[in-house]
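Here is how the chains run, residue by residue.
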Amino acid sequence: MSFALRRRLIVLLATVIAIVAGLAPVGYAIYLAYKTTVVNAEKNLHLIAQEIATDTSRLLNDINQGLIALSDLDYKCSPEDVIAMNTMSYDIPGISEIGLINPDRKLVCTSWGPVNPPVQPELPPAQPGFRLLGPMDIGIMKRYGLIALRQREDGSEIAALIHPSVLIGHMGADLGEHGFAVLLRRDDTHLYAWEGNVPEMQMVESESEGGDGSTLLRALFKDGVERTLFAVELDGFPGTYSVVAAADEWILHDWQRMALMLGAIGAGTSALLVFLIVGILQRRLSLQGELERSLQKDEFEINYQPVIELKSGHCVGAEALICWRQPGGKRVRPDLFIPLAEDTGLIEPMTVWLMKKLRAEIGDLLQSDRSLHIAINLSPGHFESDKILQSSSSIFGNSGILPKQIIYEITERGLIDDPDGKAKDIMRRLQSRHSEIALDDFGTGYSSLSYVESFPLDYLKIDKRFVDTIGVNTLNAGLLDTIIDMANRLGLRTIAEGVETARQAEYLLSRGVDFAQGWHFSRPMPATDFIEFVHTVNRRVDS
Ligand code: C2E
Ligand code: CA
Ligand code: CA
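Focus on the coordination of the calcium ion (ligand 3)
Within the protein, the calcium ion (ligand 3) binds to Asp440 (OD), Asp441 (OD), Glu497 (OE) and Glu497 (OE); these donor distances fall in the range 2.2 to 2.4 Å. When the donor residues of the calcium ion (ligand 3) are listed from N- to C-terminus, their spacing reads D-D-x55-E. A spacing of 4.1 Å is found between the calcium ion (ligand 3) and the calcium ion (ligand 2), which share Asp440 as a donor. Linking Asp440 in strand S18 (residues 436-442) with Glu497 in the loop between strand S20 (493-496) and helix H14 (502-510), this pair joins segments that are 57 residues apart in sequence.

Pasting the structure below:
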C-alpha cells in the first residue's frame, strides 16, 4: 500500500474513532436518560391513576352508603321522605339530586318533591346492587351528568344524580394535549374524561402487570397517536377502572430537550477530538512521509564524533551520528525523528542506509588503519530479529571494513525489553564475528547491575549527565565513581560521553576511564573533516 493511501486510511480511521469517542458517552447518557424518563413517566401515570381510583371509589362509596341509608323510602313521597332525600343530597357532596324509581320503572319522587305525573326515564334494565351510568342527558334539565343507581328488593331503584364537576374536580392532572384521564367500565364504555378527549383504541401493542393490581398498556388509537396507559380498578367497585393515558410527546418532552442538548455537546466534543487527533496525525504522518522520502532521496548525512583514548590522546575511531538535512537546508536533530523512525519501523532501512554510507565515506580510512573503530547506534527494534545480522554481513562483508572494527551501541531500553533472550542472542552472534557491543546511555534507565551483567557487553558508555557532575557538588556526584567501579568490576572498558572541559577529561583519566568523546575533543563532523582530524591528531600525538 502506498504511503499516501495508508496515510489517508489512518486519518479516516482516526476520524471515525474520534467521532465515536465523542458521541458514544453522550449516546449512552441519552439512552440512560430515556430509560429513566420512561420509567419515571410510568411511575407518574401509575400514581395519577391510583389517586383517581382512590378518590373516586371513596366518592362512590359515600354515594352508595347514602343510597343504602334511604332504602326504606316508600312510593308515597311524603314530606318527611322528601326532606330525608334532600338532606342526603346536601350531606353527600357528590350528589346533586336523589330520585326514587318504582318497580314499573317510573320516577315517582325526587328530593324536590313528588313527580306528578310520574315520568319514565330512559334507563337500562335494573340490575342488583350498585351501578354507575353516564354521562347522559339528564331529561328536563338538558344537562349531562352521571347517575348512580341502587336496586332495592322489590325491583325498584334509588337514583342519585352526580354533577360532572364532582368527578372533574377530583383529579386535575396535566397529561398534555393528547393525554386523558377517564373512568372506564368493563363493557368498554367510558364514564367521564377529565382531561382531553377519549379517542377509540385501535390496537393494544403490549400489556403487562403494572404492580398493585394495575395494568400497563401500550396502545395505538384511532387518532393515530400511540399512548401509554395505566388502568387501576376501583376498590369496592369491580369492573370500574381509573384509566390515565399519555402520548409520547408528553412523556418524552423533557428528555427530548435534554437529548438535543447532550447531542450538541457530543457533536462538539467529537468535532474537537477530530480536530485535535487529525491535526496531530497529519503532523506526525507528514513527518513520517517526509522521513521516508528523504531516505529515498539521500537527504541524510552522517556526522562522525571522534573517540579519544584518554591515556594516549589517540583518536581511536568515531561514533556515527545520523543527521537529517532537509531540502531547505534545515537540520533536524535525531532526537526528533529517531523515536518516530523507531515507531514506524523506518529505523531499519535508515540503519542500512547509514551502514552503506559510512562504508563509502570512511571505508578506506578504516582499511588503512585497522586500529580504528566505528560505533553504530542501534535501536531496541534491531535486537528483535536477525535482520541486523544479515544486513551488516551483506554490507560490510566484502568491504574493506572488518567486523572487529565495528562497535554496535545498544541502549539500556534495548536490554529492558528482552524477555525471551533474543537481544542476548543477537549480541552474541555479532560478537562471534568479533564485532563489539557497547551499552549506551548507561545509568539513565533502571536496570540493576546483575541484570546488565547477564548481557554480553564489551564497553560501557557513561552518559553525559554523570560526566557533568565532575567538579560540581550535586546529589549525583558520587554516582560517576560508582559507575566507573561497576564497569571495572564487570571487566568492561569505559567510554565517557559529553566531555566538554579539560577538567572533566583529566578527572576521567585519573579515575581510569579508557575513552572519551565530547566537544572538548571535537564536535561531530562530516567524513572529510573527520579523516583529516584523525590524521592530524594521531600524527601530533605520535611525534
Ligand atoms: P547518543 O548516542 O548518546 O549520541 C550522543 C549525542 O550527544 C549526539 O547527539 C552528540 O551530538 C551529542 N554530543 C556529543 N558530544 C557532546 C558534548 O560534549 N556536549 C553535548 N551537549 N552533546 C554532545 P545527536 O547527534 O543529536 O544524537 C542524539 C541521539 O540520537 C544519539 O544519542 C542516539 O541515541 C540517536 N542516534 C543518532 N544517530 C543514530 C543512528 O544512526 N541510529 C540510531 N538508532 N540512533 C541514533
Ligand atoms: Ca550512541
Ligand atoms: Ca549516549
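That covers the picture; the talk isn't over yet.
Points about the domain arrangement of the protein chain
The domain architecture assigned to the protein chain consists of domain 1 (3-59 + 172-254), domain 2 (70-167) and domain 3 (298-542). Here the C-alpha centre of domain 3 lies 114 Å away from the C-alpha centre of domain 2.

Considerations on the coordination of the calcium ion (ligand 2)
Those protein atoms acting as donors to the calcium ion (ligand 2) are Glu319 (OE), Asn377 (OD1), Glu409 (OE) and Asp440 (OD), and they sit at 2.1 to 2.3 Å. Here the donor residues for the calcium ion (ligand 2) map to a single chain with the spacing E-x57-N-x31-E-x30-D. Since its relative accessible area comes to 4%, Glu319 is described here as buried. Overall, Asn377 belongs to the partly exposed group, its relative accessible area being 28%.

Some thoughts on the packing of aromatic side chains
The tally for this structure, following the rule as stated, stands at 11 aromatic pairs. Aromatic rings pair up to connect Phe300, Trp324, Phe337 and Trp353 into one cluster. The cationic tip of Arg227 hangs over the ring face of Phe221; the distance from NZ or CZ to the ring centre is 4.7 Å.

Quick notes on the pairing of strand S9 (residues 201-211)
Here 8 bridges tie S9 to strand S10 (residues 214-221), and the two strands are oriented antiparallel to one another. In the sheet register, Glu209 faces S10, and the bridge partner there is Thr215. Linkage of S9 to S10, two consecutive antiparallel strands, is achieved through a turn of 2 residues, within which Asp212 is found at a positive phi near 60°.

Quick word on the site of ligand 1
Near ligand 1 lie 22 residues; those nearest to it are Gln305, Asp335, Ser379, Glu500 and Trp519. A distance of 2.9 Å separates a nitrogen atom of ligand 1 from a polar side-chain atom of Gln305. Residue Asp440 places a side-chain N or O atom 3.0 Å away from an oxygen atom belonging to ligand 1. Isolated, ligand 1 exposes 800 Å² of accessible area, and the fraction of that covered by the protein chains is 81%.

Focus on the sheet that holds strand S4 (residues 130-138)
Spatially, 6 strands are ordered S3-S2-S1-S6-S5-S4 in an open sheet, and the strand pairing comes out antiparallel. Edge positions in the sheet fall to strand S3 (113-119) and S4, since each has one partner strand and no second. Recorded for the sheet is a direction-independent mean angle of 25° between the axes of neighbouring strands. In terms of strand pairing, strand S1 (residues 95-101) meets strand S6 (residues 157-162) through 6 bridges, oriented antiparallel. Among the inter-strand pairings, Leu100 is bridged to a residue of S6, identified as Ile158. Helix H2 (residues 79-91) rests against S1, strand S2 (107-110) and S3 of the sheet, and its axis sits at about 145° to S1.

Scoring rules and cut-offs
- Residues numbered from 1 in each chain as written.
- Chains lettered and ligands numbered in written order.
- Predicted model: local features only at pLDDT ≥ 70, side-chain atom pairs only at ≥ 80, totals over all residues.
- Heavy atoms only, no water.
- Donors = N, O, S within 2.8 Å, 3.2 Å for Na, K, Ca; no water.
- Helix = DSSP H or I, 4+ residues; strand = E, 2+ residues; numbered from the N terminus.
- Domains from an automatic or database assignment.
- Buried < 20%, exposed > 50% of the residue type's maximum accessible area, 1.4 Å probe, protein only.
- Phe/Tyr/Trp six-rings, centres within 6.5 Å; stacked < 30°, edge-to-face > 60°.
- Lys NZ or Arg CZ within 6 Å of the ring centre and 35° of its normal.
- Pairing = 2+ DSSP bridges.
- Near = heavy atom within 4 Å.
- Polar contact = N/O pair within 3.5 Å; in protein donor to acceptor, adjacent residues only side chain to side chain.
- Areas by Shrake-Rupley, 256 points an atom, 1.4 Å probe, with all protein chains shown as cover.
- Axes fitted to C-alpha atoms, helices over the stretch in contact; angles between N-to-C directions.
- Contact = heavy atoms within 4.5 Å.

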